[in-house]
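# Coordinates in review
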Amino acid sequence: MPSRRLHFALKGLLRIFARPMKSDSGRGGPVVHPYRGYGTHREVFLMGRVFRQVGLARVIPRRGALRDAADVTRRLARRGFADAEVRIRLGDNSATVTTDHDGYFDVRLPLDIPLDEHVSWHRAELEVITADRDNVLSRADVYIPPPHTDLMVISDIDDTVMYTGVADKLRMLYRLFVEKAHRRTAFPGVAELYQALHAGTAGDLRRPILYVSRGPWSIYEVLEAFFQLNHIPVGPILFLREWGISWRHPWPRRAEDHKYALITQMLTLFDTLPCVLIGDSGQHDPEIYTRIVKENPDRVKTIYIRRVDRKPDREAAIARLRKEIEHTDCELLLSDDSAAMAAHARDRGYISETGLEAVRQASR
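Residues numbered from 1 in each chain as written. Predicted model: local features only at pLDDT ≥ 70, side-chain atom pairs only at ≥ 80, totals over all residues. Heavy atoms only, no water.

Going by the annotation in an unreviewed UniProt entry, the name recorded for the chain is Phosphatidate phosphatase APP1 catalytic domain-containing protein, with Chromohalobacter japonicus given as the source organism.

What follows is the structure, given as structure tokens:
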């Protein structure tokens, strides 16, 4: 039985690592992987990466473990396409940027020509200019909240939306890279809570929900599938870093300040919206969020922290953090389940009674 489990684990790992290579159908050459964008009706931001990939020989089958192994080899061999020219068009607005030495591009696009304010999701057209073959075309979704929205939600993913076992590094890596999206465990009531927060008390507020994670860009597609399978409202999934794994550095590099920097950037971008922060007690979320409240006492209205263990010293540390911000308008709620968060959100006017009941039903 253990050997059978190992066999399926290795096959799953192979499939996960091979998946990003499937889009070129084995032809090779430049490919672009855009990520969801976000912004306001003043400006939007979009990020992605351009790769240069080797092609597959015709003798390799189109499906199966051999194809997956070949695609994993291509993935290890591919490199970011440095200095590639990427043109972005959103409505009648356009910009051209150049990829950095790792192939990443990061676009800030001012919206000089307004977009439809009644539409939240917009489609950006991307074109990678290449000298030796046809240009590479792609598209990316960009989220802009409607003018009447009243709140922004920023949520951690790991051990907040889905269980990854952050305290257990080996288990976390197994869940991130081996388990299929439909087997990743979502906390009970999470989907209903986030749906209620997205809709608001009126049901049509379409609030922005921005997700942050300490995970690598390589699991972006898996997380997208997980969100869709669990009916969790999608949003720009903002990973904090490229892990930078290599043979010399086989473990992820530390990047504690990146989450703080991203949330601060979101508060600056959505400068008229109050904010709710959601995280967990297992890592540094309470400390990071408390620091943000101290620097923005009028912007952050509530911190929801999911309790992932009951260590007395950790409970005491979070209690001290709660006391540090009690003079502000922000409350810090430490809770085991989504229903308690939903009850508080209903009392604060964030969600409707119907939304609360949906969370309660799902949390049983």
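### Structural notes on the nonpolar core
Core analysis: the largest hydrophobic core is formed by 35 residues, its most contacted members being Tyr194, Tyr211, Ile232, Tyr350 and Ile351. Of all elements in the fold, only α4 (190-199), β11 (209-213), α5 (220-229), β13 (275-280), α9 (338-347) and α10 (353-363) reach the threshold of two or more residues within this core. The biggest single contributor to this core is α4, with six residues. Residues in contact with Tyr211, not counting those within four places in the same chain, are Ser155, Ile157, Val161, Tyr194, Phe227, Ile232, Pro233, Val234, Gly235, Pro236, Ile237 and Leu238. (Core = buried A, V, L, I, M, F, W, Y, C linked by side-chain atoms within 4.5 Å. Buried < 20%, exposed > 50% of the residue type's maximum accessible area, 1.4 Å probe, protein only. Helix = DSSP H or I, 4+ residues; strand = E, 2+ residues; numbered from the N terminus. Contact = heavy atoms within 4.5 Å.)

### A look at α9
One turn of the α-helix equals 3.6 residues, which is why residues spaced by three or four share an orientation. The buried fraction of α9 amounts to seven of the 10 residues, a majority that puts the element mostly inside the structure. Where α9 is buried, its residues contact α4, β14 (300-306), β15 (331-335) and α10. Its side-chain oxygen 3.2 Å from the backbone nitrogen of Ala339, Asp337 forms the N-cap of α9. With its phi angle positive at about 85°, Gly349 sits one or two positions after the end of α9. (Polar contact = N/O pair within 3.5 Å; in protein donor to acceptor, adjacent residues only side chain to side chain.)

### Details of the pairing of strand β10 (residues 152-156)
Within β10, five of the five residues are buried, leaving the element largely enclosed by the surrounding structure. Residues Met152, Ile154 and Asp156 line one face of β10 and the alternating positions Val153 and Ser155 line the opposite face, and both faces are buried. The sheet contact formed by β10 and β13 spans four bridges and is parallel. Its bridge partner lying in β13, Val153 is registered against Val276. Relative to β11, β10 runs parallel, the two sharing four bridges. Along β11, the bridge assignment pairs Val153 with Ile209. (Pairing = 2+ DSSP bridges.)

### Observations concerning the confidence of the model for the chain
Mean pLDDT for the chain: 81, with 73% of residues reaching 70 or above. A low-confidence stretch, residues 166-170 stays under pLDDT 50, and its non-local contacts, those more than four residues away or across chains, total six contacts. In the predicted structure, residues 243-255 sits below a pLDDT of 50 and forms 18 contacts with residues beyond four places in sequence or in another chain. (pLDDT = per-residue confidence, 0-100.)

### Thoughts on the side chain of Arg299
Along the chain, the position of Arg299 falls in the loop between α7 (285-295) and β14. Notably, Arg299 is buried but unbridged: the nearest opposite-charge side chain belongs to Asp271, and the N-O separation is 6.5 Å. Within the local environment of Arg299, its side chain forms a polar contact with the backbone oxygen of Leu273, the two atoms lying 2.7 Å apart. Filtering out sequence-adjacent residues up to four positions away, Arg299 remains in contact with Met152, Leu267, Phe270, Asp271, Thr272, Leu273, Pro274 and Cys275. (Lys, Arg positive; Asp, Glu negative; His and termini not counted. Salt bridge = Lys/Arg side-chain N within 4 Å of Asp/Glu carboxyl O.)

### Some details on helix α8 (residues 312-324)
In this model α8 runs 19 Å from its N-terminal to its C-terminal C-alpha over 13 residues, within 8% of the 18 Å that 1.5 Å per residue would give. For α8, the full list of buried residues reads Arg314, Ala317, Ile318 and Leu321. Relative to the axis of α8, the buried residues are bounded by an arc of 95° and lie together on one face. Exposed residues on α8 whose side chains face more than 90 degrees from its buried face are Pro312, Arg320 and Lys323. (Expected span 1.5 Å × (residues − 1). Arc of directions from axis to C-beta.)

### Observations regarding the pairing of β15
Pairing of β14 with β15 involves five bridges; the strand directions are parallel. Among the inter-strand pairings, Tyr304 is bridged to a residue of β15, identified as Leu333. Note on the crossover from β14 through α8 to β15: the handedness is right-handed. (Right-handed = clockwise from strand over helix to strand, strands pointing away.)

### Quick look at the packing of α9 against α10
Their axes nearest at 9 Å, the elements α9 and α10 cross at an angle of 170°. Looking at the two axes, α9 sits roughly antiparallel to α10. Contact with α9, carried on its side by Ser338, Ala339, Ala342, Ala343 and Arg346, involves Glu353, Leu356, Val359, Arg360 and Ser363 of α10 and no other residues of that element. Considered class by class, the residues forming the contact of α9 with α10 number five nonpolar, two polar and three charged. (Axes fitted to C-alpha atoms, helices over the stretch in contact; angles between N-to-C directions. Parallel < 35°, antiparallel > 145°, perpendicular 65-115°, else oblique. Nonpolar A, V, L, I, M, F, W, Y, C, P; charged D, E, K, R; others polar.)

### Concerning the side chain of Arg306
With respect to the helices and strands, Arg306 occurs in strand β14. Nearest to the buried, unbridged Arg306 among oppositely charged side chains is Asp337, at 6.6 Å. At 3.1 Å, the side chain of Arg306 and the backbone oxygen of Thr160 are in polar contact.

### Details of the packing of α7 against α8
When two helices pack together, their arrangement is given by the angle between their axes and by how far apart the axes lie. Where α7 contacts α8, the axes come no closer than 10 Å and their chain directions differ by 5°. In terms of their interaxial angle, α7 and α8 are classed as roughly parallel. Of the residues in α8, those touching α7 at Pro286, Glu287, Thr290 and Lys294 are Arg314, Ile318, Leu321 and Glu324. The residue makeup of the contact of α7 with α8, split by class, is three nonpolar, one polar and four charged.

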